[in-house]
Amino acid sequence: MKFVSEFRDPEAAKILIAEIEELAADQPARKFMEACGGHTHAIYRHGIESLLPESIEMVHGPGCPVCVIPMGRIDDAISIAEQDGVTMCCFGDLMRVPGGSSTLLEAKAKGADIRVVYSPLDALAIAENEPDRNVVFFAVGFETTAPSTAITVMQARERNVENFSIFCNHVTIVPPMKAILDSPGMELDGFLGPGHVSTVIGTGPYQFVSREYGLPLVTTGFEPVDILQGVAMLLRQLAEGRAEVENQYKRVVRDSGNPAALRMLGEVFELRPHFEWRGLGFIAQSALSLRDEFAGFDAEKHFALPGVRVADPKACQCGEVLKGAIRPWECKVFGTACTPETPIGTCMVSSEGACAAYFNYGRFRAKKRIPVTST
Amino acid sequence: MCVGIPAQVVEILPAERKMAVVEVEGVRREVSIVMVLDDGVQVGDWVLLHVGFAMSVIDEDEARSQLDFMRMLGEAYEEELEAFSAPVPGAEPTA
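Residues numbered from 1 in each chain as written. Chains lettered and ligands numbered in written order. Predicted model: local features only at pLDDT ≥ 70, side-chain atom pairs only at ≥ 80, totals over all residues. Heavy atoms only, no water.

Draft legend 1. Local environment of the overall build of chain A. When helices and strands are counted, chain A shows 15 helices and 13 strands. A compact globule built from 375 residues should have a C-alpha radius of gyration of about 21 Å, and chain A, at 21 Å, falls within 12% of that. Projected onto its principal axes, the C-alpha coordinates of chain A cover approximately 70 × 45 × 40 Å. Put simply, of all contacts in chain A between residues at least 6 apart along the chain, 77% involve residues at least 24 apart. Of the roughly 14000 Å² of accessible surface on chain A, a fraction of 50% belongs to carbon and sulfur atoms. Charge centroids of chain A, computed over 36 positive and 47 negative side chains, lie 3 Å from each other. (Helix = DSSP H or I, 4+ residues; strand = E, 2+ residues; numbered from the N terminus. Rg over C-alpha atoms; globule rule 2.2 N^0.38 Å. Contact = heavy atoms within 4.5 Å. Areas by Shrake-Rupley, 256 points an atom, 1.4 Å probe, with all protein chains shown as cover. Lys, Arg positive; Asp, Glu negative; His and termini not counted. Charge placed at Lys NZ, Arg CZ, Asp CG, Glu CD.)

Here you go:
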């Protein structure tokens, strides 16, 4: 019980672990996917897998928005950044993501004006302060982040900031979940639904998991006790023959989501017909682009982009990791050629990526499950 | 980058701006409150903050829980705090 004693509420954790053991004992082996980078991080950091019965496997899904950006889009961003008069703004964790030939960090070292910003609003402020620069914000992220880009674009329009545009790479959470459920050989028994994405979209969009696939989904918080409770709720549904969308994280996630954020998303963005995901290939209607009314702020309409599809390095198995087909340490280059310092694949770049999280916390615990006695 | 950090509202700026000053670990910054206006966000409230936008109003206990989670993340939280603490382009420091 080494880790349980460190939890905020160790007693609650012990009770949940006992409940999970009891429920799991009467069920076949179960595979649950968490589709949220924050959950992946918490699961590794707290050694939660070692607290679960051996019959329960946690599969780490495509929950990290940085990890799913295909290399070709990084190349496109670099090509924009290298043009005269352009200032490219992005979040810090994009800087080291490998493109086909280099990273944004390397492009910056070679002289491109690439700046790390905390918020898209900062990129807009740069555009307003430096009217002679052509400021492009490299927008990435799921529905958690997309409303902030939408609001920034609306403000740019209100304030007539003409030297500001967005290189839009926003993606949506539901289509990749469907793609994973549809991929051959993927047999999941349920999902821990993402936390912060759900504060925006609510729980409604996950109904397909129960209706079309007959699986339970529990939107779950980030504390160890939350995750244990999420797992217990999934097991309880399975034990009772139910497949429903439940919300463990009610204290933050409303079933209706955030209506203001959803309204602004709808006003600014529309679905792309298809978008490439790293490791998952092209997925229909899985990403956002600016509506025609906002075309003036769309970097893809201002700049000629190479738009070349770059295959992932052969040695890299990020796709298999993202689909949960292999575990991070089962990748051929994990921890040897691919480390957080010199990442080959995106899962190792972002600290929320499954490989980086596992590299930092989990690698010594993989095969050593700590027996938990609940009596 | 998909993380939300708990922040306390210390000042609501003039209504037309839809911005507030929030504090995270002693550092202050102006953030957008467009997404929580319907919740009637007030000074003293805790919000879940993501890339300069308050995403939802949370209670103090939840803020502490989120803070524990963020501190647990270690490096990822430090990077987020560093980014949060970076000067806003063209603005005077608010802290």
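Draft legend 2. Layout of the packing of aromatic side chains. Residue and element names in this part refer to chain A. Scanning the entire structure with this criterion turns up 10 aromatic pairs over all chains. Consider the rings of F91 and F137, whose centres lie 5.5 Å apart with planes at 80 degrees: the pair is edge-to-face. Separated by 46 residues along the polypeptide, F91 in the loop between β3 (86-90) and α5 (104-109) and F137 in strand β5 (residues 134-141) bring together distant segments of the chain. Take F91 and F137: they sit in the same class, and that class is buried. Ring pairs connect the aromatic residues Y44, W329, F334, Y358 and F359, which therefore count as one cluster. Its guanidinium or amino end placed over the ring of F208, K178 lies 5.0 Å from that ring's centre, counting from NZ or CZ. (Phe/Tyr/Trp six-rings, centres within 6.5 Å; stacked < 30°, edge-to-face > 60°. Buried < 20%, exposed > 50% of the residue type's maximum accessible area, 1.4 Å probe, protein only. Lys NZ or Arg CZ within 6 Å of the ring centre and 35° of its normal.)

Draft legend 3. Looking closely at the domain arrangement of chain A. Residue and element names in this part refer to chain A. When its domains are assigned, chain A resolves into domain 1 (4-63 + 174-247), domain 2 (71-173 + 257-302) and domain 3 (318-362). Once you take the C-alpha centre of each, domain 1 and domain 3 turn out to be 21 Å apart. Facing 17 residues of domain 1, the contacting portion of domain 3 comprises 14 residues. Taken together, both faces of the contact between domain 1 and domain 3 bury some 1200 Å²; the carbon and sulfur share is 60%. (Domains from an automatic or database assignment. Buried area = accessible area lost by both parts, 1.4 Å probe.)

Draft legend 4. Summary view of the sheet that holds strand β6 (residues 164-170) of chain A. Residues and elements named next belong to chain A. With parallel pairing, the 4 strands of this open sheet are ordered in space as β4-β3-β5-β6. In this open sheet, the two strands that pair with only one neighbour each are β4 (113-116) and β6. Strand-to-strand twist across the sheet, computed as the mean angle between neighbouring axes with direction ignored, equals 25 degrees. Sheet topology places β5 next to β6; 7 bridges connect them, and they run parallel. Bridging across to β6, G141 finds its partner in H170. Of the strands in this sheet, β3, β4, β5 and β6 touch helix α4 (residues 71-81), which is tilted by about 170 degrees from β6. Of the strands in this sheet, β3, β4, β5 and β6 touch helix α6 (residues 120-129), which is tilted by about 175 degrees from β5. (Pairing = 2+ DSSP bridges. Axes fitted to C-alpha atoms, helices over the stretch in contact; angles between N-to-C directions.)

Draft legend 5. Highlighting the layout of surface pockets. Counted as a void, the second largest pocket has a volume near 680 Å³. Taken together, 33 residues line the second largest pocket, and the ones lying closest to its centre are G92(A), D93(A), V116(A), E79(B) and A83(B). Contributing elements (two or more residues each) for the lining of the second largest pocket: α6 and α15 (354-362) of chain A together with α2 (75-85) of chain B. In terms of residue class, the lining of the second largest pocket is made up of 19 nonpolar, 4 polar and 10 charged. Inspection of the lining of the second largest pocket shows a minimum of three residues originating in each of domain 2 (71-173 + 257-302) and domain 3 (318-362) of chain A. (1 Å grid on protein atoms, 1.4 Å probe; cavity = no way out; pocket = protein on both sides within 12 Å on 5 of 7 lines; lining within 4 Å. Points joined across faces, edges and corners; volume = space filled by probe spheres on them. Nonpolar A, V, L, I, M, F, W, Y, C, P; charged D, E, K, R; others polar.)

Draft legend 6. The arrangement of the environment of K14(A) in detail. Note that K14(A) resides in helix α1 (residues 10-25). The sequence separation of K14(A) and P98(A) amounts to 84 residues, and the corresponding C-alpha distance is 42 Å.

Draft legend 7. The arrangement of the pairing of strand β12 (residues 281-284) of chain A in detail. All names here are of chain A. For strand β11 (residues 274-277) and β12, the ladder comprises 4 bridges, and the chain directions are antiparallel. Among the inter-strand pairings, E276 is bridged to a residue of β12, identified as F282. Count of turn residues in the β11/β12 antiparallel hairpin: 3 residues, of which G279 carries a positive phi of about 80 degrees.

Draft legend 8. Summary view of the nonpolar core. With 110 residues, the main nonpolar core has F138(A) and F164(A) as its most contacted residues. The contacts of F164(A), once residues within four sequence positions are left out, are P120(A), A123(A), L124(A), A127(A), V135(A), F137(A), T152(A), A156(A), G296(A) and F297(A). One finds L16(A), L238(A), V31(B) and W46(B) within the second-largest nonpolar core, a separate group that totals 60 residues. (Core = buried A, V, L, I, M, F, W, Y, C linked by side-chain atoms within 4.5 Å.)

Draft legend 9. Structural view of the environment of F7(A). Residue and element names in this part refer to chain A. Along the chain, F7 turns up in the segment before α1. Given the relative accessible area of 5%, F7 is considered buried. C-alpha of F7 to C-alpha of P224: the two residues are 217 residues apart in sequence and 6.9 Å apart in space.

Draft legend 10. Local environment of the side chain of T149(A). Residue and element names in this part refer to chain A. In this fold, T149 is placed in helix α7 (residues 146-158). Using a relative accessible area of 1% as the deciding quantity, one classes T149 as buried. Discounting residues that sit within four places of it in the chain, T149 has contacts with P120, F137, A139, I166, H170 and F269.

Draft legend 11. Examining the interface of chain A and chain B more closely. Contact with chain A, which involves 42 residues of that partner, is made by 38 residues of chain B. Approximately 3300 Å² of surface area, both sides summed, lies buried where chain A meets chain B, with 60% of it carried by carbon and sulfur atoms. Remark: the boundary between chain A and chain B carries 3 salt bridges. Here R254(A) ties to D39(B) by a salt bridge, and the two come within 3.3 Å at their closest N and O atoms. Across the contact surface, chain A and chain B share 13 residue pairs in polar contact (both at pLDDT 80 or more). (Salt bridge = Lys/Arg side-chain N within 4 Å of Asp/Glu carboxyl O. Polar contact = N/O pair within 3.5 Å; in protein donor to acceptor, adjacent residues only side chain to side chain.)

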